[in-house]
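Spelled out from the first residue to the last, the chains are:
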Amino acid sequence: MTDKKANLILPPSGALYELDVISGTEGPDAIDITRLYSDAGVFTYDPGFVSTASCHSSITYIDGDEGILRYRGYPIEQLAAKSTFVEVAYLLLYGELPNAGQLSDFNGIITRHTMVNEALLRFFEGYHYDAHPMAMMVGVVGSLAGFYHDSLDIFDSRQRDICAHRLIAKIPTIAAACHKHNIGEPVMYPRNDLSYSANFMHMLKGTPCESYEVDPLAERALDLLFILHADHEQNASTSTVRLAGSSGANPFACVSAGITSLWGPAHGGANEAVLTMLEEMGSVRNIDKYIARAKDKDDPYRLMGFGHRVYKNHDPRARIIREVCHLVLEKLADSNNPLFELALKLEEIAVNDEYFVERKLYPNVDFYSGIIYRALGIPDNMFTVMFAIARTVGWVSHWTEMVSDPQFRIGRPRQIYDGAPKRDYSPIGERG
Ligand code: SDX
């Protein structure tokens, strides 16, 4: 309960309703409208949920004006500099940084869940060789529920944990298998002697014909990208996982729904779209033409990798990724990478352009990530899959938090109906 109140006076009667105002640890207060419809018979209206808190959560905190991102209270800058993706996965899932024993046990569990059932690998034979990897991810991840009947009781915390471990561990194996199907190479089995990120690179780039040594810089860069993409509060795909899970659906199907939402170019699909945009732009000489298109109200064109629903300051992740870009290109690829030069110039011009400044449109997490993935030799059509690998940790953490909440109930938004008023059925002979 709270002693802060908001008063609502509703027309036409002028009736007064006193609503509770809820405060979290940080961030804006929220007006509790839980009982508004039952008490006052009215809905609130917020398409796109710009001003709506859909739940309580203690996982991630974002301050869009200050450019703040914290996982369980830890600033993303510190986790990026000092942690590993597996340690961040433990933090997001369980709420605290693990001690040495807990981290070793957790890492051991994830490592030993990385293999998938052999029958699952046969699913790939049903896809055309050039199926988009995200199309395969949606199908294959959802089908995991067909293999784990032993752990689908979502109200049993032990079984929830097993599902979370299985998803975090198996997503990279499935992701790499999507790519192998695309290029007609055999699936590479996971290796238990490699780190999470090195194992993914081994499964993605290795072949049975020779041993594949993962470059330590590539391993560190990938692990850092996974940390930065692991969670982000109630974004579209996480909200999709929560709404799907609110009906009691199993977590494999919910994560498949999250992958579907992430695929959109307005969300996780943007990293692949940024590279397409930069290649289409081709040269610094064309930047002004594309910026003019992005500003043209009559042109649906948008600069991919710019803007964010929450960040009205720099996306802290973009700043970190920009630095990693320089390092990776210097060590692993052509440091005069024309696309990176073009990206730097585009950023410089856009962030000084009044249209972007006025609307607080800054480069977001997707703006530079694709350039690093390409420097790591990851194909463009796998960029959003990379995002899904990392975000699976956030998705299962939010799913676990929601299902274990005593207030757990199905999500069921209402609407403002603008359709036809009541009318009677007309026989076909009497219709226009
Ligand atoms: C991710 O939510 C998350 O947390 C997402 C994410 C995560 O980690 O989960 O951070 C990951 O999805 C990052 C965003 C990646 N998407 C893109 O880079 C695609 C390009 N950006 C946009 O389409 C857009 O900026 C969104 C979708 C990111 C945000 O859309 P909003 O909040 O609905 O913003 P809006 O459409 O209301 O735009 C406000 C104004 C509009 O102009 P006006 O009508 O006021 O004149 O800004 C303009 C828009 O036209 N605008 C852009 C623009 N983004 C917004 N104009 C040109 N280029 C753009 N990229």
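For the structure itself, consult the block above.
Thresholds applied
- Residues numbered from 1 in each chain as written.
- Predicted model: local features only at pLDDT ≥ 70, side-chain atom pairs only at ≥ 80, totals over all residues.
- Heavy atoms only, no water.
- Phe/Tyr/Trp six-rings, centres within 6.5 Å; stacked < 30°, edge-to-face > 60°.
- Helix = DSSP H or I, 4+ residues; strand = E, 2+ residues; numbered from the N terminus.
- Buried < 20%, exposed > 50% of the residue type's maximum accessible area, 1.4 Å probe, protein only.
- Pairing = 2+ DSSP bridges.
- Near = heavy atom within 4 Å.
- Polar contact = N/O pair within 3.5 Å; in protein donor to acceptor, adjacent residues only side chain to side chain.
- Areas by Shrake-Rupley, 256 points an atom, 1.4 Å probe, with all protein chains shown as cover.
- Salt bridge = Lys/Arg side-chain N within 4 Å of Asp/Glu carboxyl O.
- 1 Å grid on protein atoms, 1.4 Å probe; cavity = no way out; pocket = protein on both sides within 12 Å on 5 of 7 lines; lining within 4 Å.
- Points joined across faces, edges and corners; volume = space filled by probe spheres on them.
- Nonpolar A, V, L, I, M, F, W, Y, C, P; charged D, E, K, R; others polar.

Draft legend 1. Fine view of the packing of aromatic side chains. Summed over all chains, the structure comprises 18 aromatic pairs. Their ring planes at 85° and their centres at 6.2 Å tell us that Y196 and F226 sit as a pair that is edge-to-face. Taken together, the residues span a long stretch of sequence, with Y196 in helix α8 (residues 196-205) and F226 in helix α9 (residues 216-229) at a distance of 30 residues. Across the pair, F226 and Y196 agree in class, each one buried. Centre to centre, the rings of F306 and F356 are 5.9 Å apart; their planes meet at 65°, and the pair counts as edge-to-face. Of this pair, F306 sits in the loop between α13 (287-295) and α14 (316-332) while F356 sits in helix α16 (residues 354-358), and the two are 50 residues apart along the sequence.

Draft legend 2. Structural context of the pairing of strand β2 (residues 15-22). Sheet analysis places strand β1 (residues 5-10) next to β2, joined by six bridges and oriented antiparallel. The residue of β2 that forms the bridge with L8 is Y17. Hairpin connection from β1 to β2: four residues lie between these consecutive antiparallel strands, with G14 at a positive phi of about 75°. Two strands pair when backbone bridges link them, and β2 and strand β3 (residues 30-31) are joined in this way by two bridges, in the antiparallel orientation. The residue of β3 that forms the bridge with I22 is A30.

Draft legend 3. Spotlight on the site of the ligand. Residues in close proximity to the ligand total 24 residues, the closest being H232, R302, H308, R309 and R317. Measuring from a nitrogen atom of the ligand, one finds a backbone N or O atom of L303 at 2.8 Å. Side-chain polar atom of Y355 to a nitrogen atom of the ligand: 3.0 Å apart, as the coordinates give it. Considered on its own, the ligand offers 1,100 Å² of accessible surface; in the complex 78% of this is hidden by protein.

Draft legend 4. Up close: the sheet that holds β1. In space, the three strands of this open sheet follow the order β1-β2-β3, with antiparallel pairing throughout. Edge strands, defined here as strands with exactly one partner in the open sheet, are β1 and β3.

Draft legend 5. Highlighting the pattern of salt bridges. Inspection of every chain in the model, using the stated rule, returns 18 salt bridges. In this structure, D20 and K5 form a salt bridge, with 2.4 Å as the shortest nitrogen-oxygen distance. Within this pair, whereas D20 is found in strand β2, its partner K5 is found in strand β1, the two being separated by 15 residues in sequence. Of the residues examined, D20 reaches a relative accessible area of 19% and is grouped as buried. The salt bridge partner of R317 is D315, with a shortest N-O separation of 2.7 Å.

Draft legend 6. Local environment of empty space enclosed by the protein. In this structure the tally under the stated criterion is three cavities of 30 Å³ or more. Quantified by volume, the largest cavity comes out at close to 80 Å³. For the lining of the largest cavity, the secondary-structure elements that each account for two or more residues are α4 (100-111), α7 (157-183) and α8. A per-class count over the lining of the largest cavity returns six nonpolar, five polar and one charged.

These figures come from the coordinates and say nothing about function on their own.
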